[in-house]
Amino acid sequence: MSDSYLPKDFLWGFATASYQIEGAPHEDGRADSIWDTFTRIPGKIADGSSGDVACDSYHRTDEDIALLKQCGAKAYRFSLSWSRIIPLGGRNDPVNEKGIQHYVKFVDNLREAGIEPMITLFHWDLPDNLHKRYGGMLNKEEFVKDFENYARVCFKAFGDKVKLWITFNEPWCSSILGYSTGLFAPGRTSDRSKSAEGDSSTEPWIVGHSLLIAHGAAVKTYREEFKEKDGGIIGITLNGDWTEPWDPNDPADVEACTRKIEFAICWFGDPVYFGKYPDSMRKQLGNRLPEFTPEEVALVKGSNDFYGMNHYCANYIKHKDTEPDVNDFVGNLEILYHNKDGEAIGPETQSVWLRPHPLGFRKLIKWLSDRYGGPTFYVTENGTSLKGENDKSLEEILEDDFRCEYFKGYIGALADAHAKDGVDVRGYMAWSLLDNFEWAEGYETRFGVTYVDYTGGQKRHPKKSARTIGKIFDQYIKKE
Ligand code: GCO
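What counts, and where the lines are drawn
- Residues numbered from 1 in each chain as written.
- Predicted model: local features only at pLDDT ≥ 70, side-chain atom pairs only at ≥ 80, totals over all residues.
- Helix = DSSP H or I, 4+ residues; strand = E, 2+ residues; numbered from the N terminus.
- Rg over C-alpha atoms; globule rule 2.2 N^0.38 Å.
- Buried ≥ 20, exposed ≤ 12 C-beta atoms within 10 Å, placed from the backbone.
- Pairing = 2+ DSSP bridges.
- Axes fitted to C-alpha atoms, helices over the stretch in contact; angles between N-to-C directions.
- Contact = placed C-beta atoms within 7 Å.

Undergrad: Could you clarify how one ought to interpret the overall build of the protein in this entry?
TA: Helices and strands together make up the secondary structure of the protein, namely 17 helices and 13 strands. Taken over C-alpha atoms, the radius of gyration comes to 21 Å for the protein, in line with the 23 Å a tight globule of 480 residues would show. Taking the principal axes of its C-alpha atoms as reference, the protein extends roughly 55 × 55 × 50 Å. Among the 480 residues that make up the protein, the fraction classed as buried is 54%.

Written out as structure tokens, the structure reads:
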């Protein structure tokens, strides 16, 4: 046991997202989101599934709160379904009181149970109507106004009870997976006709820009109309992995490591803290990357009360000598799981992209802290799938030692970052409370500390990790 520690009032708990757990897609007035329509397209989801039922959490809020209590969680990060609150999405569309009431009750029940709610306004499930009506996130003018309106409706409805707000979850995923690779809703793979230069791959950068401006607009609204009265804080959640050079003796690989982080994280982080995109991105993307107007800089720069950090793993990075492909979104480099000497960055999991490497967590949070002048961090997701978990017997699944070790490693690394590197971190939400709909991977991949028996009446079975996390935090959080 190290002598590292986390601060006395450290807030820890679990994270989920509406489309991944709620089900009940057409109940109480909810309309389709882009994920409802996307999952209906054959071949998009590995097991042909959807979030139609998911964990049925819409009907099982009490069970979920009981699970949180059982784990000893102090906080719960969940996302609101925009399509429940404003089913058609837009600023002139009706607000659905039933949708609001569902979440009011949920927030009240959480607080009664002594669990601090942390709300994500947008975890990818855009009302489908906005996508159809005007192209959704591609249409900056309309999208920003509609998101800002939706955010205001939420601040009004929940602001007196909720003190921790996240505007967007992982804008990188909405932009790249939704508009470049097409692996996520709405499944677009760039549109040649939109490009200034007549090449492809312009859409993801336009979408990223819209998301940043919409984030800035919602933060401005919160600060001007609610903050004084409600006293909460608001930020954006960015995802990103740590990078190690494939060949540490090759300066080009070392440089590519930084470039990879800039393309993945600083794409959004730099505008929020500095009011501009990273030079490496401008250099590679030219005028396919939008410019900020002075008004936009004023909106976006300084718009984080805290940095929401989603982090899972690390990679080895090898630079490329060739000219960047027009569709490249990583910074003209290769992402690898082994280094020059054939050493693996971490063990395999059920997710091809996820190789645990706890030290990378400490290094990345320190790196971000240095770059952005020591902001306050909330870790808003961290967790792992487990290779072959879905094929094991229930008894074996419930003994998820691999996941317990993952949390021990990562939470220990976080305590080191706090105690030894001086990083200001106030909270940590493990991904996830429950096994759930893992987007394009469907239900094959499980991330929960609770096993959900999808065909056995949705019964919840806490795994060993559900009991372990609290013990880990107990060791690190200062008593006084
Ligand atoms: C995210 C994702 C989660 C995923 C998790 C595991 O915010 O990255 O939002 O929804 O389920 O990351 O892949």
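Still to come is the rest of the account.
Undergrad: Explanation requested: unusual backbone geometry in the structure shown.
TA: Negative phi values dominate among residues other than glycine, just as trans dominates among peptide bonds. Put simply, A185 and P186 share a cis peptide bond, and its omega is 5°. One can find P186 in the loop between α8 (171–179) and α9 (203–225). Omega for the peptide link from W431 to S432 comes to 10°, which places this bond in the cis form. Along the chain, the position of S432 falls in the loop between β11 (425–431) and β12 (450–453). With a phi close to 55°, N332 is a non-glycine residue in the positive phi region. Residue position: N332 is located in the loop between β8 (314–319) and β9 (333–336).

Undergrad: I tried to follow the sheet that holds β9 on my own but got confused; where do I start?
TA: Picture the strands of a sheet paired through backbone hydrogen bonds; they go either parallel or antiparallel. Read across the open sheet, the 3 strands follow the order β6-β8-β9; overall the sheet is mixed. Both outer strands of the open sheet, β6 (242–245) and β9, are each paired with one neighbouring strand and no more. The mean angle between the axes of side-by-side strands here comes to 40°, regardless of whether they run parallel or antiparallel. Where β8 lies against β9, 4 bridges are found, and the strand directions are antiparallel. Bridge pairing links K318 to E334 in β9. Running at roughly 125° to β8, helix α11 (residues 251–274) makes contact with β6, β8 and β9 of the sheet.

Undergrad: Is there a simple way to explain the sheet that holds strand β2 (residues 75–79) in this structure?
TA: Read around the closed barrel, the 8 strands follow the order β1-β2-β3-β4-β5-β7-β10-β11; overall the barrel is parallel. Across the sheet, the axes of successive neighbouring strands diverge by a mean angle of 25°, strand direction being ignored. Pairing geometry for strand β1 (residues 11–15) and β2, over 3 bridges, is parallel. Bridge pairing in β2 places F14 opposite Y76.

Undergrad: Honestly, the environment of H418 in this entry has me stumped. Any pointers?
TA: Tracing the backbone shows H418 in helix α16 (residues 401–419). By C-beta crowding, H418 is classed as buried, having 22 other C-beta atoms within 10 Å. Taking the C-alpha atoms as reference points, H418 and A185, separated by 233 residues in sequence, lie 37 Å from one another. Residues contacting H418, with those up to four places away along its chain left out, are S4, L6, V423 and V425.

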